[in-house]
Structure formats: C-alpha cells, structure tokens
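Here is what each chain is made of, one letter per residue.
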Amino acid sequence: MQGRIHSLESFGTVDGPGVRYVVFMQGCPMRCKYCHNPDTWEVNAGTLMDADYIIEQYERNKGFYTDGGITVTGGEPLLQIDFITELFEKAKAKGIHTCIDSSGITFNPDSPEVMAKFDKLMPLTNLVMLDIKHIDDEHHLELTKQHNKNILAFAQYLSDKGVDTWIRHVVVPGITDDEEYLYKLGYFIGGLKTLRALDVLPYHDMGKVKYEKLGIDYPLKDTPPMDKTILLDKKKAIIDGIKARRAELEKA
Ligand code: SF4
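Notes on the structure in this doc start here. (Residues numbered from 1 in each chain as written. Predicted model: local features only at pLDDT ≥ 70, side-chain atom pairs only at ≥ 80, totals over all residues. Heavy atoms only, no water.)

1. Observations concerning the overall build of the protein
Per the secondary structure count, the protein includes 8 helices and 8 strands. Expected size for 252 residues packed as a compact globule is a radius of gyration near 18 Å; at 18 Å, the protein falls within 12% of this value. If one aligns the C-alpha atoms of the protein with their principal axes, the spans along those axes are about 50 × 45 × 35 Å. Counting only contacts in the protein whose residues sit at least 6 apart along the sequence, the fraction spanning at least 24 positions is 77%. Carbon and sulfur atoms form 52% of the exposed surface of the protein, whose accessible area is close to 12100 Å². A gap of 3 Å separates the mean positions of the 31 positive and 38 negative side-chain charges of the protein. (Helix = DSSP H or I, 4+ residues; strand = E, 2+ residues; numbered from the N terminus. Rg over C-alpha atoms; globule rule 2.2 N^0.38 Å. Contact = heavy atoms within 4.5 Å. Areas by Shrake-Rupley, 256 points an atom, 1.4 Å probe, with all protein chains shown as cover. Lys, Arg positive; Asp, Glu negative; His and termini not counted. Charge placed at Lys NZ, Arg CZ, Asp CG, Glu CD.)

2. What to know about the site of the ligand
Around the ligand sit Cys28, Met30, Arg31, Cys32, Cys35, Trp41, Gly75, Ser103 and Lys133, and that is every residue in its neighbourhood. Applying the majority rule of atoms within 2 Å of the grid points places the ligand in the largest pocket. Looking at the shell around the ligand residue by residue, the class counts come to 5 nonpolar, 2 polar and 2 charged. (Near = heavy atom within 4 Å. 1 Å grid on protein atoms, 1.4 Å probe; cavity = no way out; pocket = protein on both sides within 12 Å on 5 of 7 lines; lining within 4 Å. Sits in = over half its atoms within 2 Å of the grid points. Nonpolar A, V, L, I, M, F, W, Y, C, P; charged D, E, K, R; others polar.)

3. Brief notes about empty space enclosed by the protein
Over the atoms, a rolling probe the size of a water molecule traces out where space has been left empty. Within the structure shown, the criterion is met by 1 cavity of 30 Å³ or more. When its volume is computed, the largest cavity comes out at roughly 50 Å³. Along its surface, the largest cavity is lined by Lys133, His134, Ile135, His169, Thr176, Asp177, Asp178, Tyr181, Leu182 and Leu185. Looking at the lining of the largest cavity residue by residue, the classes come out as 4 nonpolar, 3 polar and 3 charged. (Points joined across faces, edges and corners; volume = space filled by probe spheres on them.)

4. A short note on the packing of aromatic side chains
For the coordinates displayed, the defined rule picks out 13 aromatic pairs. Where Phe107 meets Phe154, the ring centres are 5.1 Å apart and the plane angle is 40 degrees; that geometry is what we call tilted. With Phe107 in the loop between β5 (98–102) and α3 (112–121) and Phe154 in helix α5 (residues 149–161), this residue pair connects regions lying 47 residues apart in the sequence. Like Phe154, Phe107 is buried. Taken together, the aromatic side chains of Phe11, Tyr21, Tyr58, Phe64 and Tyr65 make up a single cluster linked through ring pairs. (Phe/Tyr/Trp six-rings, centres within 6.5 Å; stacked < 30°, edge-to-face > 60°. Buried < 20%, exposed > 50% of the residue type's maximum accessible area, 1.4 Å probe, protein only.)

As far as function goes, none of this settles anything; it's purely spatial.
Listed below in structure tokens is the structure:
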C-alpha cells in the first residue's frame, strides 16, 4: 500500500524517545491557528510512497536508532490509518519501536468500522503522543475548527487499551494559557492510566513564513511568542490538576 507523505526526517530528536526516523504524513482535517505545518493540510498532495520504501530508508541508518524507532506525524497521520497499520506491521516484524504523534481527531467511537481499524493498529503501537489543544470544547472549536469530544475519547481509549501515552499541550498567550482550563486539562489527563509524560510547549511563531509562502493569512499575527519564564507556572497548573485527580482516584 502507498501513503501520501509530506516529508521524511532521518534524525528526529523531538518526536518520541531517542533518535527517530520521522514520517510526516500529508493531510489534516484540523486548522489549528498556531499550526506551523500548514503545508501538510492538503489531503491530496504529498508524495506517494510504499511502506517497504520507508522501512528500507530506516534500515539504512538503523545503527542510529538503537534507543529510538519510527514516528509518524504530520499533518494528521491517522487520516491514513490503513497505511500506518501496514507500516507498523512491517516495523514490528523487525522489532522497531513505533510511535504515533496525533491530534486524535479521526477517532470515532460511534463508528464500528473506525474502531476496528484502531483496534488493529494499537497492538502494533508502542507509544502515542497525543496533542490536546484545549480542554474546553467551545475554545477548542474556535482554535482548531473541530470539536474535542472524540479527541478526549481517544485519550480514554488509549488508557483503557493500555497504550503508553504522552500528552502534549501548546501554551499560546491569551488562547490556551488560562490556568483554570489548564487545571481542568490536568484533571482530565490525571485519570489516564497510561499517562507516561507531559510536554508543555511554548507557542512560537516560526511557522509564519510558511503561511506567507502559501499566501494564507496567519491568524495569530498579533499574538506574541509564549514567554518561557512563565511556562513553568502554566505547567504547574496542569500538574496540580493531575495530582488532584489522582488523589481522588486513590481515595475512591
Ligand atoms: S493538528 Fe497539527 S498539523 Fe493539523 S492543523 Fe493542528 S497543528 Fe497543524
């Protein structure tokens, strides 16, 4: 099977544990205002590649990936779930660690067909890095043009299925930095049994140039980059929420 690939990166260091071969998949149904990869949005663009080709490319440098593996990101990699499943089947046959970096937007517990695909992929997946853009649905819709219900359901599904999960959250001044919501985010993820890490990332505007090149208006042109000195306070609000939820669960 072929997948639509935006690009490949041989030595990724921020997309999962260790040094990783990173596959940027083409296509995304979200429209996050701070997206720094708008060139991955178009579903019918990218280059068609076989799963075998990607595994071959990985194998050429496999000595570098002893603590790493393969990460699929994007775009939204799970838009091409059949391709990812084939790629991960081939990766697992070679003992390669597999990671999905996803927004979770394609998850749909109301669709047996979609669920069958997720149920097939998860046993082949070592780690999911799940971006939760906003815990409040209305704000999530405003920020990404999509609801967060299925994304939160995906997080819970990963917990129920025992799939290791890293949660990522980008803190954007005036948009996702409200500490009450950050606490609520923490409270939600504190209930996940498979939460292994939390990445709280500062918003930056380095993607702006791509918008100019694509001739798209950059929605956050008046938003300053996140002040890293207050990022720790923002992270603390999330951690306080996690602790509160865990304390409640221990008592129950
Ligand atoms: S989910 Fe990721 S790729 Fe898609 S719009 Fe949001 S930030 Fe961009």
